[in-house]
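An overview of the molecular structure
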Amino acid sequence: MFSVEMLKIKDEINKKLEGYTLEVGVLADIPAKFARKEQKPFHGGVANKKGKDSPVPLRAVLEKLDAIYNILLGPWAKRDNMEVALTVREMIADMNKTSADKQRFLNAAQAVVRKPILRGEYGDNSPQTQAVKGFNRLLINTGTLFENLETRLAKKNV
């Protein structure tokens, strides 16, 4: 049940967001990378070192993976996603002027998409893929996709 205060906060959030869109994904035109057989430490695990540029754009790789795993919108719909709660907290802090740092909001929104990948929430690689990569971290090979998952707050064209 919503109280009058909750409705005021909801209206305030809606007004704040009306003029903006939050863009999440690969926001720059860059190529995917081929993997080398050498490994490197990467965010609490390993990844393969980057090789030459692939002819495939990274956005195309993300589009294909998102169609399978719903990595861009799926995390936002989870009720127990701590990163979504943090993002909302940062937005409210900004509205209340207790934080003037927009980057904190963008970092929190970026974490909504990145953290489930690091936690392995999408499952495991197939045994064949594990053998090729040399490790089992679904959605991470060279780290290029992960590193380029970004957020941007853009004004709507009205």
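Conventions used here
Residues numbered from 1 in each chain as written. Predicted model: local features only at pLDDT ≥ 70, side-chain atom pairs only at ≥ 80, totals over all residues. Heavy atoms only, no water. Helix = DSSP H or I, 4+ residues; strand = E, 2+ residues; numbered from the N terminus. Expected span 1.5 Å × (residues − 1). Buried < 20%, exposed > 50% of the residue type's maximum accessible area, 1.4 Å probe, protein only. Contact = heavy atoms within 4.5 Å.

Quick notes on helix α2 (residues 58-69)
In a regular helix each residue adds 1.5 Å, so twelve residues correspond to 16 Å; α2 covers 16 Å between its end C-alpha atoms and thus fits that length. Downstream of α2 by a residue or two, Asn-70 has a phi angle that is positive, lying close to 55°.

Digging into the side chain of Thr-151
Relative to the elements of secondary structure, Thr-151 occurs in strand β4 (residues 149-155). Given a relative accessible area of 13%, Thr-151 falls into the buried group. For Thr-151, the residues in contact, after removing those within four places along its chain, are Leu-22, Glu-23, Val-24, Leu-27, Leu-106, Ala-109 and Gln-110.

Considerations on the environment of Ile-71
With respect to the helices and strands, the residue Ile-71 is situated in the loop between α2 and α3 (74-77). Relative accessible area serves as the criterion here: at 0%, Ile-71 is assigned to the buried category. With 46 residues separating them along the chain, Ile-71 and Ile-117 place their C-alpha atoms 8.2 Å apart. Sequence-distant contacts of Ile-71, defined by excluding residues within four places in its chain, comprise Leu-62, Asp-66, Val-113, Tyr-122 and Leu-139.

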